[in-house]
Amino acid sequence: MTSSQSANRLGTIAAFFRLLEENVGISLEISKEYLLSSRLDSLARDKGFSGYLPFLESLLVSPVDHDHWQAFEAMTTIETMFFRDRFPFEILRDSVIPEILEKKLSSKELNIWCAAASSGQEPYSLAILLKESFPHILDWKINFFATDVCDQVLGRAENAIYSDMEVRRGLSDEQIARHFTSLPDGSYQLNSDIKRLIKFSKLNLIKEWLPMPKFDLVLIRNALIYFNKDMKDVVLKRMSLQLSDDGFLLLGASESLLFNPDYIAKQYANLRFYKKGIPWNN
Ligand SMILES: C[S@@+](CC[C@H](N)C(=O)[O-])C[C@H]1O[C@@H](n2cnc3c(N)ncnc32)[C@H](O)[C@@H]1O
């Protein structure tokens, strides 16, 4: 490859990464170009291109449409599992949810948002936890929203059918037997008493949000790590306005919100939840 071909190639990749960031928030350095062949080559071939590069070139000369969104979705990291990191769910069960429920005893209404829900394992883990540990609230008014930008994972979440490997990543045999029905092809369908607790919708965190209530609990785990700092700050600011005064925010294990005036941290062992901060000018 000549140096001008190499420069063109890098220019195309950089322009596609900018488009991805503008539309989804995901910010990738040019050093992440190696992701393109594993994530885009097969989609490019399905669309009749010889590989990802001519596909990207064609995307860059047309307005953002279905093909672009397929490419954006293919670039998104959707890794998830039931009861991911386990410990946050123990703290939710033993401390945070009891604190929330105490505050909501009179209204008997609970608002929860799982804001980057991927294929559903995270919100369903929380719904399983509510059913197993707080069965008395199942007749409360529970508004449990789970959203994601990616249509493909939302479709999977709504179907709530998981492979044998997926259910075994995080659930005990007993939980699988209690909450799932095994299907003839060896996969598992989540039972409807858990499934119906959650309303899945498409929501892009960096674009307009649906009208939603103020939340008692928001989970936004392992999504903002892919955003640049400014984009992350904008989302977190909006998220603080979407939390109720007593609401809790939970981030992913590697994410932290120290020095953000919109939040104060509440420590549980070695895990931080966040609550709305007191604005400096008050
Ligand atoms: C790595 S997964 C994390 C899933 C789950 N929260 C967990 O921790 O297991 C990241 C999810 O964030 C979603 N995501 C990325 N950018 C987003 C955006 N702008 N708006 C909403 N969701 C987004 C992706 O589609 C993906 O499903």
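If you're wondering where the values come from, they're calculated on a predicted model, not measured in any experiment.

Novice: Looking at this structure, how should I read the sheet that holds strand β5 (residues 188-190)?
Specialist: Pairing between the strands of a sheet is mediated by backbone hydrogen bonds and can be parallel or antiparallel. As summarised here, the arrangement of the three strands in space is β3-β5-β4, forming an open sheet in which the pairing is antiparallel. Each having just a single partner strand, β3 (161-162) and β4 (180-182) make up the two edges of the open sheet. Bridge count for β3 against β5 is two bridges, and the pairing is antiparallel. For I161, the partnering residue across the bridge sits in β5 and is Q189.

Novice: Would you take a moment to explain the domain arrangement of the chain for this structure?
Specialist: Interfaces are often described in size by the accessible area the parts lose on coming together. You can read the domains of the chain as domain 1 (3-75) and domain 2 (87-276). Of note, the centres of domain 1 and domain 2, computed from C-alpha atoms alone, are 31 Å apart. The interface of domain 1 with domain 2 comprises nine residues on the first partner and eleven residues on the second. A combined buried area of about 800 Å² lies between domain 1 and domain 2, and 50% of that area is made up of carbon and sulfur atoms. It is V24, G25 and E73 that lose the most area in domain 1 upon contact with domain 2, and together they represent 49% of the buried surface on that side. On inspection of domain 1 and its partner domain 2, the count reaches zero salt bridges. The dominant element in the side of domain 1 that touches domain 2, judged by the number of residues it contributes, is helix α1 (residues 3-24), at four residues. Considering only residue class, the side of domain 1 that touches domain 2 consists of three nonpolar, three polar and three charged.

Novice: Teacher, can you tell me more about the site of the ligand here?
Specialist: Around the ligand sit 20 residues in total, of which V24, T80, A116, D148 and N222 are the nearest. Taking V24, its main chain carries an N or O atom lying 2.6 Å from a nitrogen atom of the ligand. Isolated, the ligand exposes 600 Å² of accessible area, and the fraction of that covered by the protein chains is 99%. When grouped by side-chain class, the residues that make up the shell around the ligand number nine nonpolar, six polar and five charged.

Novice: Is there a simple way to think about the packing of aromatic side chains in this case?
Specialist: A complete count under the given rule lists 15 aromatic pairs for this structure. Measuring from ring centre to ring centre gives 5.4 Å for W113 and F215, while their planes differ by 35°; the resulting arrangement is tilted. On the criterion of sequence distance, the pair formed by W113 in strand β1 (residues 109-114) and F215 in strand β7 (residues 215-220) is long-range, its members being 102 residues apart. As far as the burial class goes, W113 and F215 line up, both buried. Its end group placed over the ring of F248, K275 keeps NZ or CZ at 4.3 Å from the ring centre.

Novice: Please clarify how helix α4 (residues 66-75) should be interpreted in this entry.
Specialist: For α4, the complete set of buried residues consists of H68, A71, F72, E73 and M75. The inward-facing, buried residues of α4 abut α1, α2 (34-46), α3 (52-60) and α7 (151-159). With a side-chain oxygen positioned 3.0 Å from the backbone nitrogen of D67, the residue opening α4 is D65.

Novice: When you look at the packing of α2 against α3 in this model, what are you seeing that I'm missing?
Specialist: Between two packed helices, what matters for the description is the angle formed by their axes and the separation of those axes. At a closest axis distance of 8 Å, the pairing of α2 and α3 adopts a crossing angle of 75°. The orientation of α2 relative to α3 falls into the category roughly perpendicular. Along its contact with α2, which presents L36, S37, L40, D41, L43 and A44, the element α3 presents Y52, F55 and L56. Residues of the contact of α2 with α3, tallied by class, amount to seven nonpolar, one polar and one charged.

Reading the values: rules and limits
- Residues numbered from 1 in each chain as written.
- Predicted model: local features only at pLDDT ≥ 70, side-chain atom pairs only at ≥ 80, totals over all residues.
- Heavy atoms only, no water.
- Pairing = 2+ DSSP bridges.
- Helix = DSSP H or I, 4+ residues; strand = E, 2+ residues; numbered from the N terminus.
- Domains from an automatic or database assignment.
- Contact = heavy atoms within 4.5 Å.
- Buried area = accessible area lost by both parts, 1.4 Å probe.
- Salt bridge = Lys/Arg side-chain N within 4 Å of Asp/Glu carboxyl O.
- Nonpolar A, V, L, I, M, F, W, Y, C, P; charged D, E, K, R; others polar.
- Near = heavy atom within 4 Å.
- Polar contact = N/O pair within 3.5 Å; in protein donor to acceptor, adjacent residues only side chain to side chain.
- Areas by Shrake-Rupley, 256 points an atom, 1.4 Å probe, with all protein chains shown as cover.
- Phe/Tyr/Trp six-rings, centres within 6.5 Å; stacked < 30°, edge-to-face > 60°.
- Buried < 20%, exposed > 50% of the residue type's maximum accessible area, 1.4 Å probe, protein only.
- Lys NZ or Arg CZ within 6 Å of the ring centre and 35° of its normal.
- Axes fitted to C-alpha atoms, helices over the stretch in contact; angles between N-to-C directions.
- Parallel < 35°, antiparallel > 145°, perpendicular 65-115°, else oblique.

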